[in-house]
Amino acid sequence: NHLTETVLAAVQAVEAALTNGSSQAVIDGLRDDLRTTVSNEMVSWAAQHDVVEWDVINEPLGNRRGQDALDDYDVMAEWFEIAESNKVSADCRLFINEFQIISAMTEELTPGYYTSRRDRYMTEVNRLLTNNAPIDGIGFQSRIKAERRDPQLIYDRLDEWATTYPNLRLIGTEFEVKDSAPEDTWKTYQYTDEERAQITAEMMTQYYSHPQVDALTAWNIIGNDTSQLVNYDGVPTRNGLVWYYMHRHRYNTEA
């Protein structure tokens, strides 16, 4: 759902051919064009960005339009191969990334939600491993909303993934404590500054204390909303002060 115009056009061409009853030869040709278009874009992007981590696949549970058009989910391993072959730095690590896994709402609020998303996400990770994709780790968007999670729940979920995939690194991505949007009528929750700061400290502690976790990155660095670390006037928020303290003091050493 975040496709470039070029890739989207190639996807739409396949979708139209499937809808219009085109011959298999035409469909296969358009699918080959789509594969080539995606590959070319990945090669182009790789040359522009010397990154240390690359989310090669993002949100595969809900954004699968390219895979659907190709009628091929094993193609995701091919995309990892393209990334591996074209990344600028040999040290760049390749990840898959998904939201509401480690940070999923509790069983009490949404029965079965975490286990369902966990199982579906593990299916995608297993697919990559089965197809020998050069994957280095698993990313978990770590956006907290709708309620406060018990810190032990976060660690237990991390530990579950670490136990299942002992050879893959784990990272937290897109961390923020987000107030419910007006359209979230099923569960409205607005955090206080104190709650947001406390949750920030708890999440950082749980992630950083697990030996298989390598990173936790913030999403909303600066803004004028509620979840950012620094306001537009340059003044850090309370959770921003916690983020600074945890990095610069508690988890900083000269050793």
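The rules behind the values
Residues numbered from 1 in each chain as written. Predicted model: local features only at pLDDT ≥ 70, side-chain atom pairs only at ≥ 80, totals over all residues. Heavy atoms only, no water. Helix = DSSP H or I, 4+ residues; strand = E, 2+ residues; numbered from the N terminus. Rg over C-alpha atoms; globule rule 2.2 N^0.38 Å. Buried < 20%, exposed > 50% of the residue type's maximum accessible area, 1.4 Å probe, protein only. Contact = heavy atoms within 4.5 Å. Areas by Shrake-Rupley, 256 points an atom, 1.4 Å probe, with all protein chains shown as cover. Lys, Arg positive; Asp, Glu negative; His and termini not counted. Charge placed at Lys NZ, Arg CZ, Asp CG, Glu CD. Polar contact = N/O pair within 3.5 Å; in protein donor to acceptor, adjacent residues only side chain to side chain. Axes fitted to C-alpha atoms, helices over the stretch in contact; angles between N-to-C directions. Parallel < 35°, antiparallel > 145°, perpendicular 65-115°, else oblique. Left-handed = near helix turned anticlockwise from the far one by under 90°. Core = buried A, V, L, I, M, F, W, Y, C linked by side-chain atoms within 4.5 Å. Phe/Tyr/Trp six-rings, centres within 6.5 Å; stacked < 30°, edge-to-face > 60°. Pairing = 2+ DSSP bridges.

Draft legend 1. Here's a closer look at the overall build of the chain. When you go through the chain residue by residue, the secondary structure sums to eight helices and seven strands. Taking 2.2 N^0.38 as the reference for a compact globule, 255 residues should give roughly 18 Å; the C-alpha atoms of the chain span a radius of gyration of 20 Å, in line with that estimate. Burial analysis of the chain (255 residues in total) assigns 45% to the buried set. Here the contacts in the chain between residues at least 6 apart in sequence split such that 76% fall between residues at least 24 apart. Approximately 13,000 Å² of the chain is accessible, and the part contributed by carbon and sulfur atoms is 49%. Here the chain contributes 22 positively and 42 negatively charged side chains, and the mean placements of these two sets differ by 4 Å.

Draft legend 2. Region of the structure containing the side chain of Asn63. Tracing the backbone through its elements, the reader meets Asn63 in the loop between β1 (53-58) and α3 (65-70). By relative accessible area, which is 15% here, Asn63 ends up buried. There is a polar contact of 2.7 Å between the side chain of Asn63 and the side chain of Glu59.

Draft legend 3. Fine view of the packing of helix α6 (residues 151-164) against helix α7 (residues 193-209). At a minimum axis separation of 9 Å, α6 and α7 run at an interaxial angle of 30°. Classified by the angle their axes make, α6 and α7 are roughly parallel. In this structure, the crossing between α6 and α7 has a hand that is right-handed. Seen from α6, the contacting residues are Pro151, Ile154, Tyr155 and Leu158; seen from α7, they are Glu202, Met203, Gln206, Tyr207 and Ser209.

Draft legend 4. Highlighting the nonpolar core. Of all hydrophobic cores here, the largest spans 59 residues; its most connected members are Trp79, Ile138 and Trp161. Considering each element in turn, this core owes the most residues, seven residues, to helix α4 (residues 75-86). Setting aside chain neighbours within four positions, we find Trp161 in contact with Ile101, Ile102, Tyr114, Arg118, Tyr121, Met122, Val125, Ile138, Phe140 and Leu170.

Draft legend 5. Structural view of the environment of Ala218. By secondary structure assignment, the location of Ala218 is in strand β5 (residues 213-218). Ala218 has contacts with Phe175, Leu229 and Trp243, leaving out every residue within four places of it along the chain.

Draft legend 6. Representation of the packing of aromatic side chains in the model. Counted according to the given criterion, the structure contains seven aromatic pairs. Arranged with centres 5.4 Å apart and planes meeting at 50°, the rings of Tyr121 and Trp161 form a pair that is tilted. One end of the pair, Tyr121, is in helix α5 (residues 113-130); the other, Trp161, is in helix α6, and 40 residues separate them in sequence. Ring centres 5.2 Å apart and planes at 80° place the aromatic pair Tyr208 and Tyr251 in the edge-to-face group.

Draft legend 7. Local environment of the sheet that holds β1. The strand order across the open sheet built from five strands is β1-β2-β3-β4-β5, with neighbouring strands paired in parallel fashion. Lying at the two open borders of the sheet, with one neighbouring strand each, are β1 and β5. The average angle at which neighbouring strand axes cross in this sheet is 30°, direction not considered. In this sheet, strand β3 (residues 137-145) lies alongside strand β2 (residues 93-98) in parallel orientation, the contact comprising four bridges. Each residue of the ladder has a partner; that of Asn97, found in β3, is Gly139. Sheet strands touched by α4: β1 and β2. Its angle to β1, the strand with the most contacts, is close to 160°.

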